[in-house]
Amino acid sequence: MSQLKHFLFRITVAVLFVLVPILGVYTFVKAPEWRLWFPENVSSYGDEIDGLFHTITWMVGITFVGTEGVLVYLILRFSKKDASKANYTHGSHVLELIWTAIPALLLVFVAFSQMSVWSKIKINLPDGEYTAENPFMEVYGSQFDWRVRYPDADKNFSGADVIESAFDIYVPVDTKIVFRLKSRDVLHSFFVPKFRLKQDAVPGMNIPVWFEAEETGTYDLICAELCGWGHYKMAGKVHVLAQDEFDAWLEGRREALYSNGSED
Ligand SMILES: [Cu+2]
């Protein structure tokens, strides 16, 4: 009787362990359908970021399923009640070398496979109208808002005609937007999930960032760095407009600036 109980216990434990990888993989497979996966991508480099994510997910997933399989096998194989005495060993250099070398090679593979995407997005700014010295706009994070500044007609950010907007950022579609990201106080993080863009804003630093939105629309901007009690309030919008609509918006803002508050 007790042997039957022990057998049932082993089987129950093994089934519970085997459920972990099965439900884990099932959740991953169904996640896009359940809308738990990434939001749609509307930026020119988003597919490359997603590609890196999928590569690493596959690597981790295969390792996870493999190790869970070994674990279940070992539970069934070595949990007999009349198990023989434990065999103490000082280890095996060959085994240690193998299980050190395989993760090291995988990490080297990850490092090399992300290098070109990293340099494209974070290091080398794209060729285009806007550069780090001549950015499209400046974005400031501060407790607790996002503020964007558009230069005057002379591309100057210190003139009186600078247009400022809080929380709402307007940009033209299909344009390589380079901007400077700054913080006025503590660490913030400029995160637009649908652009696959996330960059810390660091006090004292002037960080050039870029993206190119390929579809018009309004996209969430959130702060991804816990920055204080009002962190949750740092939710803005990035409005991607057709070029002529953007020009009209900017023109309207300039007119409002020159009108000195009068309506006519
Ligand atoms: Cu924050």
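If you're wondering where the values come from, they're calculated on a predicted model, not measured in any experiment.

Chemist: I would appreciate a short explanation of the sheet that holds strand E6 (residues 188–192) in the present structure.
Modeler: The sheet built from five strands is open, its strands ordered E4-E10-E9-E6-E7 with mixed pairing. The open sheet is flanked by strand E4 (168–172) and strand E7 (197–201), the only strands paired with a single partner. Strand after strand, the sheet turns through a mean of 25° between neighbouring axes, direction not considered. In this structure, E6 lies alongside strand E9 (residues 217–223), joined through two bridges in antiparallel fashion. Looking at E9, one finds that Phe190 is bridged to Cys223.

Chemist: I'm lost on the nonpolar core in this one. Help?
Modeler: As a rule of thumb, nonpolar side chains are buried together in soluble globular proteins. Membership of the largest hydrophobic core comes to 43 residues, with the highest contact counts inside it found for Met137, Tyr150, Ile169, Phe179, Phe190 and Phe195. Each of two domains, domain 1 (2–123) and domain 2 (137–258), supplies a minimum of three residues to this core. Dropping the residues within four chain positions of it, Phe195 is found in contact with Val42, Ser43, Tyr45, Phe211, Ala213, Tyr219, Val238 and Val240.

Chemist: Hey, could you run me through the coordination of the copper ion in this one?
Modeler: Angles at a metal have ideal values that depend on geometry: 109.5 degrees with four tetrahedral donors, 90 or 180 degrees with six octahedral donors. The coordination sphere of the copper ion, as far as protein atoms go, consists of Cys223 (SG), Glu225 (O), Cys227 (SG) and His231 (ND1), spread over 2.0 to 2.6 Å. Here the copper ion is ringed by four donor atoms whose angles at the metal span 82 to 132°, and the overall shape comes out irregular. Counting residues between consecutive donors of the copper ion along the chain gives the motif C-x1-E-x1-C-x3-H. Pair check on accessibility: Cys223 and Cys227 agree, each one buried.

Parameters and conventions
- Residues numbered from 1 in each chain as written.
- Predicted model: local features only at pLDDT ≥ 70, side-chain atom pairs only at ≥ 80, totals over all residues.
- Heavy atoms only, no water.
- Pairing = 2+ DSSP bridges.
- Helix = DSSP H or I, 4+ residues; strand = E, 2+ residues; numbered from the N terminus.
- Axes fitted to C-alpha atoms, helices over the stretch in contact; angles between N-to-C directions.
- Core = buried A, V, L, I, M, F, W, Y, C linked by side-chain atoms within 4.5 Å.
- Buried < 20%, exposed > 50% of the residue type's maximum accessible area, 1.4 Å probe, protein only.
- Domains from an automatic or database assignment.
- Contact = heavy atoms within 4.5 Å.
- Donors = N, O, S within 2.8 Å, 3.2 Å for Na, K, Ca; no water.
- Tetrahedral: all angles 85-135°; square planar, octahedral: opposite > 155°, others 65-115°.

Limitation: the analysis is restricted to geometry and does not speak to function.
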